[in-house]
Amino acid sequence: MQRVFVLDNQKQPLMPCHPARARQLLDRGKAAVFRRVPFTLILKERTGGDVQPVEARVDPGSRTTGLALVARYPRGDQVVWAANLSHRGQTIKKNLDSRRAIRRGRRGRKTRYRAPRFLNRTRPAGWLPPSLQSRVDNVQAWARRLQRLCPLTSVAVETVRFDTQLIENPNLQGTDYQRGTLADWELREYLLYRHGHTCAYCGGLANDPVLEREHVVPRSRGGSNRVANQVIACRTCNEAKGNALPEQWLAQLRASHRKIDTTRARNMEKVFAGLRPSLRDAAAVNATRYATGRALQTLGLPTTFWSGGRTKKNRSDQGYAKDHWIDAACVGEAGSAVRISRALRPLIIRATGHGSQQFCRMDKFGFPRTKPKPRQATVRGFRTGDLVHARVTTGKKQGTYQGRVAVRSSGSFNITTANGVVQGIAHRFCRKTQSADGYHYNFGGCDSSPTSAGAAGRGILAGI
Ligand SMILES: [Zn+2]
């Protein structure tokens, strides 16, 4: 069960409570709904209360970031709240690309001579492309929001996919990666990155999803455990190569006329040559993650930074399925023992942005296609993205709808509910339950929007 956030009457966060307890508080009139998503109660009388340490754990990803709040009870760590936060990097990139294309077209037209400008092309230190910066901003915004709703005491964030420091360490060639199993996981992550998550021999031609660490010169034939002697290979190739020395296998491959063997032979030469991306690329991969780590430090909480190898090991050791929020829960040293209730469903958050700033739409030639936008994005007190509760009493659309509203200047709105979009709901039937905040919400796999009538608080609780 996802727990419910609780604030005291001074808006200070208390320990999140069980939904059953929240229902009790609401029924007895001791609390009121403070926020719909994430569901938060505010107590009417009590000030202060016992709090235990709560750690926010973050697993930043390129498309989706996992968030987990882990309560550190004396009896052990437990996930009390989790979310998958989807970013809109692709949308931002697409929008900027189209804007750039239109502008280039307009400037390139034969109108008059424009001197090239080149002195205004500087970027501040730590600049990230807008699509990547948006990821950092999303994570920071949510961390700040969670800090207001839950008594956070520390933050743990996965900043690197694998431990570059260790890999850059020259001693690595010797023994650093032979110690203990954690190092093995870091190495696996590094090798996966080095070979682009595909088989180093067949390049994915065997269509085998199982990727394994492979010793180029087999251990049984005197091959070393050094990084240089290891690659990522699919199980099919691994078994095909078996115990052969690389030279022997290459001879076999050259003798064969199968397509996959020709590919393998070609790739073997690369493996021999030791071709691989430099570690400088690895640092670029991690740039956004480092920026996320720095952004989280601004919360003013003790922040620890961890690597992806450790997260994967923790998750695998505990037998949890792969998901962004579960990875988040397993971040860090303490992530090796964390209880996740089976009933816990993450909140699915999708960044939607705050609408376009464009004054009017363009046609393909870069000329205005629509009338200028009205200055007010608010229609009859509603904005696109507001969460609304609509109770339609007359007409064909009779019923109760709850979801995200898209306003139309006509006053006839569209509402995105858990069951799809309902069009043409008049503004007079709508009641705003939460203002637009740039995110869209639903709950992992279950119906979040209670469409049936009933106590609004109850309905929301049932969906958590
Ligand atoms: Zn393969």
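A brief look at the structure comes next. (Residues numbered from 1 in each chain as written. Predicted model: local features only at pLDDT ≥ 70, side-chain atom pairs only at ≥ 80, totals over all residues. Heavy atoms only, no water.)

1. Looking at helix H11 (residues 308–318)
Note on helix geometry: an α-helix contains 3.6 residues per turn, so any two residues three or four positions apart are oriented the same way.
Moving on, step 1. In terms of burial, H11 is largely enclosed, as 8 of its 11 residues are buried.
Moving on, step 2. What H11 keeps buried is the set Gly308, Gly309, Arg310, Thr311, Lys312, Lys313, Asn314 and Arg315.
Moving on, step 3. Following H11 by one or two positions, glycine 319 adopts a phi angle in the positive range, close to 70 degrees. (Buried < 20%, exposed > 50% of the residue type's maximum accessible area, 1.4 Å probe, protein only. Helix = DSSP H or I, 4+ residues; strand = E, 2+ residues; numbered from the N terminus.)

2. Here we look at the sheet that holds strand E18 (residues 430–434)
Within a sheet, adjacent strands bond to each other through the backbone by hydrogen bonds, running parallel or antiparallel.
Moving on, step 1. Strands sit in the order E17-E16-E15-E14-E18 across an open sheet of 5 strands; the sheet is antiparallel. Looking along the sheet, the strands with just one partner apiece sit at the ends: strand E17 (420–426) and E18. Mean inter-strand twist for the sheet, computed between neighbouring axes without regard to direction, equals 40 degrees.
Moving on, step 2. Pairing geometry for strand E14 (residues 387–392) and E18, over 4 bridges, is antiparallel. Each bridged residue has a counterpart across the sheet, and for valine 388 the counterpart in E18 is lysine 432. (Pairing = 2+ DSSP bridges. Axes fitted to C-alpha atoms, helices over the stretch in contact; angles between N-to-C directions.)

3. So, the coordination of the zinc ion
Moving on, step 1. Surrounding the zinc ion are the protein donor atoms Cys199 (SG), Cys202 (SG), Cys234 (SG) and Cys237 (SG), which sit 2.2 to 2.3 Å from the metal.
Moving on, step 2. In this structure, the zinc ion is surrounded by 4 donor atoms whose angles at the metal cover 104 to 120 degrees, and the resulting shape is tetrahedral.
Moving on, step 3. We note that the donor set of the zinc ion lies within a single chain, spaced as C-x2-C-x31-C-x2-C. Within this pair, whereas cysteine 199 is found in the loop between helix H5 (180–194) and strand E9 (211–215), its partner cysteine 234 is found in strand E10 (residues 230–234), the two being separated by 35 residues in sequence. (Donors = N, O, S within 2.8 Å, 3.2 Å for Na, K, Ca; no water. Tetrahedral: all angles 85-135°; square planar, octahedral: opposite > 155°, others 65-115°.)

4. Brief notes about the environment of arginine 345
Moving on, step 1. Within the secondary structure layout, arginine 345 lies in the loop between strand E12 (338–339) and strand E13 (347–351).
Moving on, step 2. Note on arginine 345: relative accessible area 40%, which makes it partly exposed.
Moving on, step 3. For arginine 345 and alanine 83, which are 262 residues apart along the polypeptide, the C-alpha to C-alpha distance reads 8.3 Å.

5. Remarks on the pattern of salt bridges
Moving on, step 1. Overall, the coordinates contain 18 salt bridges when judged by the stated rule.
Moving on, step 2. Arginine 72 is the partner of aspartate 77 in a salt bridge, and the nearest nitrogen-oxygen pair spans 3.3 Å.
Moving on, step 3. By relative accessible area, aspartate 77 is classed as buried at 12%.
Moving on, step 4. One salt bridge in this structure joins aspartate 261 and arginine 264, with 3.1 Å as the shortest N-O distance. Residue aspartate 261 and its partner arginine 264 are both found in helix H8 (residues 259–273); the two are separated by 3 residues, about one turn of the helix.
Moving on, step 5. Taking relative accessible area as the criterion, aspartate 261 reaches 7% and is therefore assigned buried.
Moving on, step 6. Salt bridges sharing common partners tie together Glu55, Arg57, Arg72 and Asp77. (Salt bridge = Lys/Arg side-chain N within 4 Å of Asp/Glu carboxyl O.)

6. Some words on the packing of aromatic side chains
In this description, an aromatic ring pair is defined by two values, namely the gap between the centres and the angle between the planes.
Moving on, step 1. Here the structure, examined in full by the defined rule, presents 6 aromatic pairs.
Moving on, step 2. Relative to tyrosine 441, the ring of tryptophan 142 has its centre 6.1 Å away and its plane inclined at 75 degrees; by these criteria the two rings are edge-to-face. Highlighted residues: tryptophan 142 in helix H3 (residues 130–149) and tyrosine 441 in strand E19 (residues 439–443), separated in sequence by 299 residues.
Moving on, step 3. By relative accessible area, tyrosine 441 is classed as buried at 11%. (Phe/Tyr/Trp six-rings, centres within 6.5 Å; stacked < 30°, edge-to-face > 60°.)

7. A word on the environment of lysine 312
Moving on, step 1. Looking at the secondary structure, you find lysine 312 in helix H11.
Moving on, step 2. Sequence separation of lysine 312 and arginine 161 is 151 residues, and the distance between their C-alpha atoms is 10.0 Å.
Moving on, step 3. Apart from the residues lying within four places of it in its own chain, the contact partners of lysine 312 are Trp185, Glu189 and Leu192. (Contact = heavy atoms within 4.5 Å.)

8. Describing helix H1 (residues 19–27)
Moving on, step 1. Turning to H1, its buried residues are Pro19, Ala22 and Leu25. Taken around the axis of H1, the buried residues stretch over an arc of 115 degrees, which confines them to a single face. (Arc of directions from axis to C-beta.)

9. A word on the side chain of arginine 35
Moving on, step 1. Within the secondary structure, arginine 35 sits in strand E3 (residues 31–35).
Moving on, step 2. At 2.8 Å, the side chain of arginine 35 forms a polar contact with the backbone oxygen of valine 37.
Moving on, step 3. Filtering out sequence-adjacent residues up to four positions away, arginine 35 remains in contact with Thr40, Arg145, Gln434, Asp437 and Tyr441. (Polar contact = N/O pair within 3.5 Å; in protein donor to acceptor, adjacent residues only side chain to side chain.)

10. Thoughts on the packing of helix H2 (residues 89–108) against H3
Moving on, step 1. Packing of H2 against H3 brings their axes to within 8 Å, and their N-to-C directions diverge by 145 degrees. In this structure, H2 crosses over H3, and the sense of that crossing is right-handed. Here Gly89, Ile92, Lys93 and Leu96 of H2 come into contact with H3, specifically with Pro130, Ser131 and Ser134.
Moving on, step 2. Residues that form the contact of H2 with H3 fall into these classes: 3 nonpolar, 3 polar and 1 charged. (Left-handed = near helix turned anticlockwise from the far one by under 90°. Nonpolar A, V, L, I, M, F, W, Y, C, P; charged D, E, K, R; others polar.)

So far we have only geometry, and geometry alone does not tell us how the molecule works.
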